[in-house]
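Results of the structural survey
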Amino acid sequence: MIKKRHPNNLNNIFILSFFSLFLFSVISCNQIIEENKYNGKWILQEQNYHEDIIFEDGNYTKKYSSDDIRVHSSGKFYLNRNEDRIGVTISLIPSKIISENDTIFQECENLDVIEINDNNLIILKPNQWTRDRNDKFISINEILIYKRKEK
């Protein structure tokens, strides 16, 4: 009786495929677990500024108002790790809006998370530049504290 042997390449392909699927499932599970920490409604309330962000299953909705300005955006959010940033960065990727015959693209936002717990989401805003009293440019890094609210 003659036994057929699988070529070594076929065995290697099978092992690599299995390992890749296993690794992908482990990474995906970690992403879902971490994403669940962020799911919910977060509110930032200041004197002349109000912002609501709702994270739910990879989607977000953001509404903010500042005096008489009101802006609404929605789209996808992703959790990223970047060595150049503090820790986890929430990337907000808004959906395009079609209004009559115009297509409106809103800017993407990156929110650097300093801390998250059951009650607070603490964000470090990206560098903003302004001028001081002597008309010199200075860098400002605001820290925003969002409170978790029930939907």
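This text follows the structure it describes.
All of the points below concern the structure found in this document. (Residues numbered from 1 in each chain as written. Predicted model: local features only at pLDDT ≥ 70, side-chain atom pairs only at ≥ 80, totals over all residues. Heavy atoms only, no water.)

Thoughts on the overall build of the protein chain
A tally of helices and strands in the protein chain yields 1 helix and 12 strands. Secondary structure elements of the protein chain occur, N-terminal to C-terminal, as α-β-β-β-β-β-β-β-β-β-β-β-β. Within the protein chain, buried positions represent 25% of all 151 residues. Restricting to contacts in the protein chain with at least 6 residues of sequence separation, those with at least 24 account for 32%. Looking at the protein chain as shown, the accessible area adds up to about 11,900 Å², and 53% of this sits on carbon and sulfur atoms. (Helix = DSSP H or I, 4+ residues; strand = E, 2+ residues; numbered from the N terminus. Buried < 20%, exposed > 50% of the residue type's maximum accessible area, 1.4 Å probe, protein only. Contact = heavy atoms within 4.5 Å. Areas by Shrake-Rupley, 256 points an atom, 1.4 Å probe, with all protein chains shown as cover.)

Structural notes on unusual backbone geometry
One non-glycine residue, D57, lies in positive phi territory at about 50°. Within the secondary structure, D57 is located in the loop between strand 2 (49-56) and strand 3 (59-66). Look at D57 and you get exposed, because its relative accessible area is 56%. Phi is positive for D67, close to 55°, though the residue is something other than glycine. Structurally, D67 is set in the loop between strand 3 and strand 4 (69-81). Assessed through its relative accessible area of 54%, D67 is described here as exposed.

Structural notes on the sheet that holds strand 2
The 8 strands are arranged 1-2-3-4-5-8-9-12 in a closed barrel whose pairing can be described as antiparallel. When the angles between neighbouring strand axes are averaged without regard to direction, this sheet yields 35°. Two strands pair when backbone bridges link them, and strand 5 (residues 88-94) and strand 8 (residues 109-116) are joined in this way by 4 bridges, in the antiparallel orientation. Residue pairing for strand 8: I90 is matched across the bridge by L111. (Pairing = 2+ DSSP bridges. Axes fitted to C-alpha atoms, helices over the stretch in contact; angles between N-to-C directions.)

Some thoughts on the side chain of D52
By the element assignment, D52 lies in strand 2. With no salt bridge to any partner, buried D52 finds its closest opposite charge in K41, at an N-O distance of 4.1 Å. Of note is the side chain of D52, whose polar atom sits 2.8 Å from the side chain of H50. Look past the residues within four positions of D52 in its chain and what remains in contact with it is K41, W42, I43, T61, K62 and K63. (Lys, Arg positive; Asp, Glu negative; His and termini not counted. Salt bridge = Lys/Arg side-chain N within 4 Å of Asp/Glu carboxyl O. Polar contact = N/O pair within 3.5 Å; in protein donor to acceptor, adjacent residues only side chain to side chain.)

Notes on the pattern of salt bridges
According to the stated counting rule, one finds 4 salt bridges in the structure shown. E142 is the salt-bridge partner of K125, the closest N and O atoms lying 3.6 Å from each other. With K125 in the loop between strand 9 (120-124) and strand 10 (128-131) and E142 in the loop between strand 11 (137-140) and strand 12 (143-149), the pair connects residues that are 17 residues apart, well separated along the chain. With a relative accessible area of 24%, K125 lands in the partly exposed category. Salt bridges sharing partners connect three or more residues here, namely E51, K62 and E109.

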